[in-house]
Amino acid sequence: MKVSKKAIPVVAFALGACVFVSTALADMALGTGYDRLKEAAKHTASQMEAELQNYTLEASFTLKDNNRILLQSSSVKKIDTVKQASIETEVSKTGSGETTTGHYRYNDMERTIWKSDEENKYYVSEYVDNPFGQERSPFANPFRRDGAAEFERIVDALVGSLKEQVQVEERSDGGITYSGTLTEAQVPAVVNAVASFAVKQSMNEQSHMDPEQRLPELTSDVFVKKISGTAVESESGLLEQATGEAILSGKDAAGEVHDLTLSVIVTLTDIGTTAVEAPDLRNAAFEKVSRSGITEMYVGTYRNDIVMEKDGKFLKVGERTLEITGVDGDKVSGKYSEAVKPGFESEYGEPYDFTFEYEPDSSKPMSFFTYANPQGEQEYGQLSPGGAGRLYLNLKIEIIDDTSYRSNDKPYFNGEFNRVFEE
């Protein structure tokens, strides 16, 4: 189950801000506090990957424009490292209360079971191999990912005078509380420059969104107004809670000031008492599907509109067509093409037109298909089922490592496709 494309630019901005908040908090903790906090984070991640038998990890964030909520998201993941099993539930809502994502997913060494809030039905995908990979925990330690050491060195270097801003408090129960706040005047110029570039890139990726759900388009005076955060370490050295808030301020084209506020809370609870059990399907509606989740009933044609914004209006400038031509066991065959109206080719870019075969690898936690772009270069894509009569397509994927990837969707791209039914 994927987040609606309507929410993806907002989510992308929010996730980027999460990284920024955590990095800034680490910066503030340099010195004795930094060393202790970093070691606590590494120790906690290592324990979650292999040593803790079971636990619950909860995360939530809220993104606001001034006092208006744009998006709220919460997730709960229960993990059993002995069984190599996990249960994940996630819900995202817009400021109007519209649910953009709601799903349940169970994983173990033999199968995946998932259900979206849109259907009262489970889907079961069985694996020949462990879906987490050989000797892989359901939790991926971020400190062991490719590039983690380089990122850590960058964080260590971008500190300067911020090292004195952290407060380290020894608690009576033997634990430690880390806290710190950076005001506008304390944020380095290089951080403001990076933040300004990142938010403007996010603006460029949301042209297809409903205006009520879009981030304000900040065009000038973009800067980090405030960053604050806390981290709570238990007596055993585990980080049990982390909170953060980042405020990014800027002006839109009309000169109106917007404060974008991202609040994040992450907690680690129920260590040793978390139960991870597969759902009871004996009296439930369920369907066995291939590893891709796409069955023969998905064979057919799907389309969506190519939409641009011009002079304060939305214009349809073309169509995208996704055709599923065949499903043979776990292998899905298909075609993808784009048709752009004359006069918009230079702005939209050269249309894509390719065929593909998608066959998920059960030995890997994530699978992709390859295709050729208009220049003949190989790129990676991902395909997944949505609700009834819908598919989600993701293109121009950059694979970071075995457990993570980055989506670099084309400008004006919309990956939510609806089935075309003959009248």
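Residues numbered from 1 in each chain as written. Predicted model: local features only at pLDDT ≥ 70, side-chain atom pairs only at ≥ 80, totals over all residues. Heavy atoms only, no water.

Participant: Explain the overall build of the protein chain to me, using residue names and the numbers behind them.
Facilitator: Helix and strand counts for the protein chain come out as five helices and 21 strands. For the protein chain, the residues scored as buried account for 47% of the 423 residues in total. A fraction of 58% describes how many contacts in the protein chain between residues 6 or more apart in sequence connect residues 24 or more apart. (Helix = DSSP H or I, 4+ residues; strand = E, 2+ residues; numbered from the N terminus. Buried < 20%, exposed > 50% of the residue type's maximum accessible area, 1.4 Å probe, protein only. Contact = heavy atoms within 4.5 Å.)

Participant: Give a description of the packing of aromatic side chains that names residues and reports values.
Facilitator: Here the structure, examined in full by the defined rule, presents eleven aromatic pairs. A ring pair is formed by Trp 114 and Tyr 123, whose centres lie 6.0 Å apart and whose planes are at 25°; its orientation type is stacked. Of the two residues, Trp 114 and Tyr 123, both sit in the buried class. Seen in terms of ring centroids, Tyr 352 and Tyr 371 are 6.1 Å apart; in terms of plane orientation they differ by 55°. Their pairing is tilted. Residue Tyr 352 is found in the loop between helix H5 (345-348) and strand S16 (353-358), and its partner Tyr 371 is found in strand S17 (residues 369-372); the two are separated by 19 residues along the sequence. A single burial state applies to Tyr 352 and to Tyr 371, both of which are buried. Among the aromatic residues, those joined into a ring-pair cluster are Tyr 336, Tyr 352, Phe 354, Phe 356, Tyr 358, Phe 369, Tyr 371 and Phe 417. The ring of Tyr 122 is capped by Lys 115, whose NZ or CZ atom sits 5.7 Å from the centre of that ring. (Phe/Tyr/Trp six-rings, centres within 6.5 Å; stacked < 30°, edge-to-face > 60°. Lys NZ or Arg CZ within 6 Å of the ring centre and 35° of its normal.)

Participant: Go over the pairing of strand S11 (residues 257-269), please, and point to the residues and values.
Facilitator: For strand S1 (residues 54-65) and S11, the ladder comprises ten bridges, and the chain directions are antiparallel. Paired with Lys 64 across the two strands is Thr 261, which belongs to S11. Here strand S10 (residues 239-251) folds back onto S11, and the loop between the two strands holds five residues, one of which, Gly 255, carries a positive phi near 90°. (Pairing = 2+ DSSP bridges.)

Participant: Got a sec to walk through the nonpolar core? Specific residues and values, please.
Facilitator: In this structure, Tyr 336 and Leu 383 are the most contacted members of the largest nonpolar core, which totals 20 residues. Contributing elements (two or more residues each) for this core: strand S14 (313-328), strand S15 (331-340), S16, S17 and strand S19 (390-401). Not counting the four nearest positions on each side in its chain, Leu 383 is found in contact with Ile 294, Leu 322, Ile 324, Val 332, Phe 356, Tyr 358, Phe 369, Tyr 392 and Leu 393. Ranked by size, the runner-up nonpolar core spans 16 residues in total, among them Val 222, Val 224, Ile 227 and Val 264. (Core = buried A, V, L, I, M, F, W, Y, C linked by side-chain atoms within 4.5 Å.)

Participant: Tell me about the pattern of salt bridges, residues and numbers included.
Facilitator: Under the criterion given, the structure shown has 13 salt bridges. With a closest N to O distance of 3.4 Å, Asp 221 and Lys 251 form a salt bridge. Within this pair, whereas Asp 221 is found in strand S9 (residues 220-233), its partner Lys 251 is found in strand S10, the two being separated by 30 residues in sequence. One network of salt bridges, with partners in common, ties together Arg 303, Asp 305, Lys 316 and Glu 319. (Salt bridge = Lys/Arg side-chain N within 4 Å of Asp/Glu carboxyl O.)

Participant: Quick rundown of the environment of Asp 361? Include the residues and the values.
Facilitator: With respect to the element layout, Asp 361 can be found in the loop between S16 and S17. Residue Asp 361 is classed as partly exposed on the basis of its relative accessible area of 32%.

Participant: An account of a negative patch on the surface is needed here, citing residue identities and associated values.
Facilitator: A contiguous patch of negative charge, built from Glu 296, Asp 328, Glu 357, Glu 359 and Asp 361, is present on the exposed surface. Of note, Glu 296 is situated in the loop between strand S12 (286-288) and strand S13 (300-310). (Patch = residues over 30% accessible without salt bridge, like charges linked within 9 Å, V, L, I, M, F, W, Y side chains within 5 Å. Areas by Shrake-Rupley, 256 points an atom, 1.4 Å probe, with all protein chains shown as cover. Lys, Arg positive; Asp, Glu negative; His and termini not counted. Charge placed at Lys NZ, Arg CZ, Asp CG, Glu CD.)

Participant: Give me the side chain of Thr 56: which residues, what numbers.
Facilitator: Along the polypeptide, Thr 56 turns up in strand S1. Within the structure, the side chain of Thr 56 is placed 2.8 Å from the side chain of Thr 274, a separation counted as a polar contact. Thr 56 has contacts with Val 76, Lys 77, Lys 78, Thr 267, Leu 268, Thr 269, Asp 270 and Thr 274, leaving out every residue within four places of it along the chain. (Polar contact = N/O pair within 3.5 Å; in protein donor to acceptor, adjacent residues only side chain to side chain.)

Participant: Go over unusual backbone geometry with me, naming the residues and quoting the values.
Facilitator: Of note in this structure, Gln 84 is not a glycine but carries a positive phi near 55°. Structurally, Gln 84 can be placed in the loop between strand S2 (68-80) and strand S3 (85-94). Phi at Asp 221 is positive, roughly 50°, even though this residue is not glycine. Owing to a relative accessible area of 47%, Asp 221 belongs among the partly exposed residues under this scheme.

Participant: Could you give an account of the side chain of Ser 249, naming the residues involved and the relevant values?
Facilitator: Here Ser 249 lies in strand S10. A polar contact is formed between the side chain of Ser 249 and the side chain of Asp 259, at a distance of 2.9 Å.

Participant: Tell me about the confidence of the model for the protein chain, and name the residues and values.
Facilitator: Looking at the protein chain, the pLDDT average stands at 80 and 77% of residues meet or exceed 70. In the model, residues 1-31 has pLDDT below 50 throughout and makes 83 contacts with residues more than four positions away in sequence or in other chains. The model gives residues 130-135 a pLDDT under 50, and that stretch makes 21 contacts with residues more than four places away or in other chains. (pLDDT = per-residue confidence, 0-100.)

Participant: A description of the environment of Thr 261 should follow, citing residues and the corresponding values.
Facilitator: For Thr 261, the position within the fold is in strand S11. Considering only alpha carbons, one finds Thr 261 and Ile 69, 192 residues apart in sequence, at a separation of 9.3 Å.

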